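Each chain is listed here by its residues.
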Amino acid sequence: MNLRSAHRLPALWICLVGGFLTLAFPACGAEPKLEDRLFFLAESAFRQGNLPEVKQNVVRILKLNPQHSGGLYYKAVLLEKAKQEEKAGELFRKLSRDKQFGALARDHLFALASRQRQKGQNNAIQSYIDGGAFSEALQECRKALNQGRRDEELLLQTIFSAALAGDMRFAESALTTLTSSGKSSEELLKNVHLFVDGW
(Lines give C-alpha, C1' and ligand atoms only; values in the text may rest on other atoms or scores of the structure.)
Protein backbone atom coordinates (compact mmCIF):
# COMPACT_ATOMS: atom_id res chain seq x y z
CA MET A 1 0.00 0.00 0.00
CA ASN A 2 1.46 3.34 -0.93
CA LEU A 3 1.27 6.49 1.18
CA ARG A 4 -1.15 8.21 -1.16
CA SER A 5 -3.85 5.46 -0.82
CA ALA A 6 -3.22 5.04 2.93
CA HIS A 7 -4.52 8.49 3.81
CA ARG A 8 -7.81 7.69 2.00
CA LEU A 9 -8.59 4.74 4.28
CA PRO A 10 -10.07 6.79 7.18
CA ALA A 11 -12.47 8.58 4.80
CA LEU A 12 -13.48 5.25 3.24
CA TRP A 13 -13.93 3.70 6.68
CA ILE A 14 -16.20 6.57 7.76
CA CYS A 15 -18.32 6.08 4.64
CA LEU A 16 -18.60 2.32 5.24
CA VAL A 17 -19.36 2.68 8.95
CA GLY A 18 -21.94 5.34 8.16
CA GLY A 19 -23.83 2.65 6.20
CA PHE A 20 -27.38 3.88 5.97
CA LEU A 21 -26.32 7.54 5.92
CA THR A 22 -24.03 6.84 2.99
CA LEU A 23 -26.96 5.32 1.10
CA ALA A 24 -29.31 8.13 2.04
CA PHE A 25 -26.76 10.90 1.53
CA PRO A 26 -24.38 9.84 -1.27
CA ALA A 27 -21.78 12.55 -0.74
CA CYS A 28 -19.60 11.10 2.00
CA GLY A 29 -19.63 13.37 4.99
CA ALA A 30 -22.69 15.32 3.83
CA GLU A 31 -24.80 16.35 6.79
CA PRO A 32 -28.45 15.28 6.47
CA LYS A 33 -30.97 18.08 6.27
CA LEU A 34 -33.01 18.88 9.36
CA GLU A 35 -36.19 17.42 7.86
CA ASP A 36 -34.34 14.16 7.12
CA ARG A 37 -33.05 13.96 10.70
CA LEU A 38 -36.60 14.58 11.91
CA PHE A 39 -37.80 11.84 9.58
CA PHE A 40 -35.36 9.35 11.14
CA LEU A 41 -36.69 10.35 14.57
CA ALA A 42 -40.30 9.91 13.37
CA GLU A 43 -39.48 6.51 11.89
CA SER A 44 -37.82 5.39 15.13
CA ALA A 45 -40.76 6.66 17.21
CA PHE A 46 -43.18 4.80 14.94
CA ARG A 47 -41.29 1.52 15.42
CA GLN A 48 -41.54 2.09 19.18
CA GLY A 49 -45.28 2.82 18.94
CA ASN A 50 -44.89 6.41 20.12
CA LEU A 51 -47.51 7.99 17.83
CA PRO A 52 -47.60 11.42 19.54
CA GLU A 53 -43.86 11.82 18.87
CA VAL A 54 -44.36 10.66 15.28
CA LYS A 55 -47.06 13.30 14.84
CA GLN A 56 -44.86 16.07 16.30
CA ASN A 57 -41.98 15.19 13.99
CA VAL A 58 -44.22 14.87 10.93
CA VAL A 59 -45.67 18.34 11.54
CA ARG A 60 -42.15 19.76 11.82
CA ILE A 61 -40.96 17.89 8.71
CA LEU A 62 -43.83 19.16 6.59
CA LYS A 63 -43.37 22.73 7.80
CA LEU A 64 -39.78 22.57 6.56
CA ASN A 65 -40.60 20.71 3.36
CA PRO A 66 -44.30 20.19 2.47
CA GLN A 67 -43.32 17.68 -0.25
CA HIS A 68 -41.08 15.47 1.94
CA SER A 69 -42.20 11.98 0.91
CA GLY A 70 -41.29 10.40 4.26
CA GLY A 71 -43.24 13.05 6.14
CA LEU A 72 -46.23 12.62 3.82
CA TYR A 73 -46.07 8.83 4.24
CA TYR A 74 -46.19 8.98 8.03
CA LYS A 75 -48.90 11.64 7.89
CA ALA A 76 -50.98 9.23 5.81
CA VAL A 77 -50.26 6.37 8.24
CA LEU A 78 -51.35 8.54 11.18
CA LEU A 79 -54.55 9.50 9.33
CA GLU A 80 -55.24 5.83 8.61
CA LYS A 81 -54.77 4.95 12.29
CA ALA A 82 -57.14 7.79 13.23
CA LYS A 83 -59.80 6.19 10.95
CA GLN A 84 -59.60 9.11 8.49
CA GLU A 85 -59.30 6.66 5.65
CA GLU A 86 -60.39 8.99 2.84
CA LYS A 87 -57.68 11.56 3.63
CA ALA A 88 -55.12 8.79 4.16
CA GLY A 89 -56.07 7.28 0.79
CA GLU A 90 -55.51 10.62 -0.96
CA LEU A 91 -51.98 10.87 0.44
CA PHE A 92 -51.18 7.21 -0.30
CA ARG A 93 -52.36 7.72 -3.90
CA LYS A 94 -50.12 10.79 -4.16
CA LEU A 95 -47.18 8.72 -2.89
CA SER A 96 -47.93 5.61 -4.96
CA ARG A 97 -45.39 6.61 -7.65
CA ASP A 98 -42.71 7.73 -5.19
CA LYS A 99 -39.45 5.76 -5.55
CA GLN A 100 -38.90 5.30 -1.84
CA PHE A 101 -42.45 5.03 -0.46
CA GLY A 102 -44.49 3.97 -3.50
CA ALA A 103 -44.59 0.26 -2.70
CA LEU A 104 -45.58 0.90 0.93
CA ALA A 105 -48.24 3.40 -0.17
CA ARG A 106 -49.70 0.88 -2.64
CA ASP A 107 -49.82 -1.76 0.13
CA HIS A 108 -51.79 0.65 2.31
CA LEU A 109 -54.13 1.48 -0.58
CA PHE A 110 -54.81 -2.23 -1.08
CA ALA A 111 -55.52 -2.67 2.65
CA LEU A 112 -57.84 0.37 2.64
CA ALA A 113 -59.74 -1.01 -0.37
CA SER A 114 -60.05 -4.42 1.32
CA ARG A 115 -61.46 -2.83 4.48
CA GLN A 116 -63.94 -0.82 2.40
CA ARG A 117 -65.04 -3.99 0.61
CA GLN A 118 -65.43 -5.82 3.95
CA LYS A 119 -67.43 -2.94 5.36
CA GLY A 120 -69.72 -3.06 2.33
CA GLN A 121 -70.19 -6.83 2.68
CA ASN A 122 -70.90 -6.51 6.41
CA ASN A 123 -73.46 -3.76 5.77
CA ALA A 124 -75.22 -5.85 3.12
CA ILE A 125 -75.33 -8.89 5.42
CA GLN A 126 -76.63 -6.80 8.30
CA SER A 127 -79.35 -5.35 6.05
CA TYR A 128 -80.52 -8.87 5.20
CA ILE A 129 -80.50 -9.85 8.88
CA ASP A 130 -82.37 -6.69 9.91
CA GLY A 131 -84.96 -7.42 7.23
CA GLY A 132 -85.42 -11.02 8.37
CA ALA A 133 -83.90 -12.42 5.17
CA PHE A 134 -81.67 -14.92 6.99
CA SER A 135 -81.11 -17.27 4.05
CA GLU A 136 -79.89 -14.36 1.90
CA ALA A 137 -77.69 -13.15 4.76
CA LEU A 138 -76.21 -16.63 5.07
CA GLN A 139 -75.59 -16.76 1.32
CA GLU A 140 -73.64 -13.46 1.54
CA CYS A 141 -71.71 -14.80 4.54
CA ARG A 142 -70.72 -17.89 2.56
CA LYS A 143 -69.44 -15.68 -0.28
CA ALA A 144 -67.34 -13.64 2.15
CA LEU A 145 -65.99 -16.79 3.83
CA ASN A 146 -65.09 -18.21 0.40
CA GLN A 147 -63.02 -15.06 -0.18
CA GLY A 148 -60.93 -16.02 2.85
CA ARG A 149 -62.40 -13.65 5.42
CA ARG A 150 -62.43 -14.88 9.01
CA ASP A 151 -62.94 -11.65 10.96
CA GLU A 152 -65.04 -11.59 14.11
CA GLU A 153 -67.89 -9.51 12.69
CA LEU A 154 -68.39 -11.81 9.71
CA LEU A 155 -68.24 -14.95 11.87
CA LEU A 156 -70.83 -13.52 14.27
CA GLN A 157 -73.11 -12.61 11.38
CA THR A 158 -72.61 -16.11 9.95
CA ILE A 159 -73.49 -17.81 13.25
CA PHE A 160 -76.57 -15.65 13.71
CA SER A 161 -77.88 -15.95 10.14
CA ALA A 162 -77.11 -19.70 9.91
CA ALA A 163 -78.92 -20.41 13.18
CA LEU A 164 -81.94 -18.36 12.15
CA ALA A 165 -81.94 -19.94 8.67
CA GLY A 166 -81.98 -23.37 10.32
CA ASP A 167 -78.46 -24.46 9.33
CA MET A 168 -77.16 -25.35 12.80
CA ARG A 169 -74.24 -27.37 11.45
CA PHE A 170 -72.93 -24.30 9.65
CA ALA A 171 -73.57 -22.10 12.69
CA GLU A 172 -71.57 -24.52 14.88
CA SER A 173 -68.77 -24.65 12.31
CA ALA A 174 -68.53 -20.84 12.29
CA LEU A 175 -68.58 -20.85 16.10
CA THR A 176 -65.68 -23.34 16.14
CA THR A 177 -63.73 -21.05 13.77
CA LEU A 178 -64.49 -18.03 15.97
CA THR A 179 -63.43 -19.86 19.14
CA SER A 180 -60.20 -21.20 17.62
CA SER A 181 -59.18 -17.76 16.32
CA GLY A 182 -58.42 -16.69 19.89
CA LYS A 183 -59.32 -13.09 19.05
CA SER A 184 -62.70 -12.86 20.76
CA SER A 185 -63.32 -12.16 24.42
CA GLU A 186 -64.43 -14.98 26.71
CA GLU A 187 -67.61 -13.04 27.53
CA LEU A 188 -68.56 -12.81 23.85
CA LEU A 189 -67.80 -16.48 23.22
CA LYS A 190 -69.87 -17.50 26.27
CA ASN A 191 -72.87 -15.51 25.00
CA VAL A 192 -72.55 -16.89 21.46
CA HIS A 193 -72.30 -20.46 22.80
CA LEU A 194 -75.47 -19.84 24.84
CA PHE A 195 -77.23 -18.52 21.73
CA VAL A 196 -76.24 -21.52 19.60
CA ASP A 197 -76.93 -24.08 22.35
CA GLY A 198 -80.31 -22.53 23.06
CA TRP A 199 -81.38 -22.59 19.44
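Residues numbered from 1 in each chain as written. Predicted model: local features only at pLDDT ≥ 70, side-chain atom pairs only at ≥ 80, totals over all residues. Heavy atoms only, no water.

Looking at this model, I keep getting lost on the overall build of the protein chain. Mind explaining?
Looking only at helices and strands, one finds twelve helices and zero strands in the protein chain. When the 199 residues of the protein chain are sorted by exposure, 33% land in the buried category. Expressed as a percentage of contacts within the protein chain between residues at least 6 apart in sequence, the contacts between residues at least 24 apart total 43%. Put simply, the protein chain shows about 12900 Å² of open surface, and 55% of that area lies on carbon and sulfur atoms. (Helix = DSSP H or I, 4+ residues; strand = E, 2+ residues; numbered from the N terminus. Buried < 20%, exposed > 50% of the residue type's maximum accessible area, 1.4 Å probe, protein only. Contact = heavy atoms within 4.5 Å. Areas by Shrake-Rupley, 256 points an atom, 1.4 Å probe, with all protein chains shown as cover.)

Even after reading the chapter, I still don't get the packing of aromatic side chains, so can you show me in this structure?
Aromatic ring pairs are described here by two measures, namely the spacing of the ring centres and the angle between the planes. According to the stated counting rule, one finds nine aromatic pairs in the structure shown. Their ring planes at 85° and their centres at 5.8 Å tell us that Phe39 and Phe101 sit as a pair that is edge-to-face. With a gap of 62 residues between them, Phe39 in helix α4 (residues 34-47) and Phe101 in the loop between α7 (85-95) and α8 (102-130) connect regions that are remote in the sequence. Accessibility assignment for this pair places Phe39 and Phe101 in one class, buried. The rings of Phe39, Phe40, Phe46, Tyr73, Tyr74, Phe92 and Phe101 are connected pair by pair, giving a single aromatic cluster. (Phe/Tyr/Trp six-rings, centres within 6.5 Å; stacked < 30°, edge-to-face > 60°.)

Teacher, can you tell me more about the side chain of Glu80 here?
Inspection of the secondary structure assignment puts Glu80 in helix α6 (residues 69-81). Polar contacts involving the side chain of Glu80 include one to the side chain of His108, which spans 2.7 Å. In contact with Glu80, other than residues within four places in its own chain, are Ala88, Phe92, His108, Leu112 and Arg115. (Polar contact = N/O pair within 3.5 Å; in protein donor to acceptor, adjacent residues only side chain to side chain.)

Please clarify how unusual backbone geometry should be interpreted in this entry.
Note on backbone geometry: most residues besides glycine have negative phi, and most peptide bonds are trans. You will see that Lys83, though not glycine, has its phi angle at about 65°, which is positive. If you trace the backbone, Lys83 turns up in the loop between α6 and α7. Overall, the relative accessible area of 69% leaves Lys83 in the exposed class.

Where do I start with the nonpolar core in this structure?
Nonpolar side chains tend toward joint burial in soluble globular proteins. Residues Val54, Val58, Ile61, Tyr73, Tyr74 and Phe92 are the most contacted members of the largest nonpolar core, which totals 22 residues. Contributions of two or more residues to this core are made by α4, α5 (51-64), α6, α7 and α8. With seven residues, the top contributor of residues to this core is α6. Those residues in contact with Val58 that lie beyond four places of it in its chain are Gly71, Tyr74, Lys75 and Leu78. Counting 15 residues, the second largest nonpolar core, distinct from the first, contains Ile125, Cys141, Leu145 and Leu154. (Core = buried A, V, L, I, M, F, W, Y, C linked by side-chain atoms within 4.5 Å.)

Whenever I open this one, the packing of α4 against α5 confuses me. Can you help?
Between two packed helices, what matters for the description is the angle formed by their axes and the separation of those axes. Axis separation between α4 and α5 bottoms out at 8 Å; the angle between their running directions is 160°. When the interaxial angle is binned, α4 and α5 end up roughly antiparallel. As α4 runs across α5, the sense of the crossing is left-handed. Across the interface between the two elements, Leu34, Glu35, Leu38, Phe39, Leu41, Ala42, Ala45 and Phe46 of α4 pack against Leu51, Glu53, Val54, Asn57, Arg60, Ile61 and Leu64 of α5. Split by residue class, the contact of α4 with α5 holds eleven nonpolar, one polar and three charged. (Axes fitted to C-alpha atoms, helices over the stretch in contact; angles between N-to-C directions. Parallel < 35°, antiparallel > 145°, perpendicular 65-115°, else oblique. Left-handed = near helix turned anticlockwise from the far one by under 90°. Nonpolar A, V, L, I, M, F, W, Y, C, P; charged D, E, K, R; others polar.)

Sorry if this is basic, but what is going on with the side chain of Ser69 here?
Topologically, Ser69 is positioned in helix α6. The class of Ser69 is buried, set by a relative accessible area of 18%. Non-local contacts of Ser69, meaning those with residues more than four positions away in its chain, are made with Leu95, Asp98 and Phe101.

That's the geometry; what it means functionally is another story.
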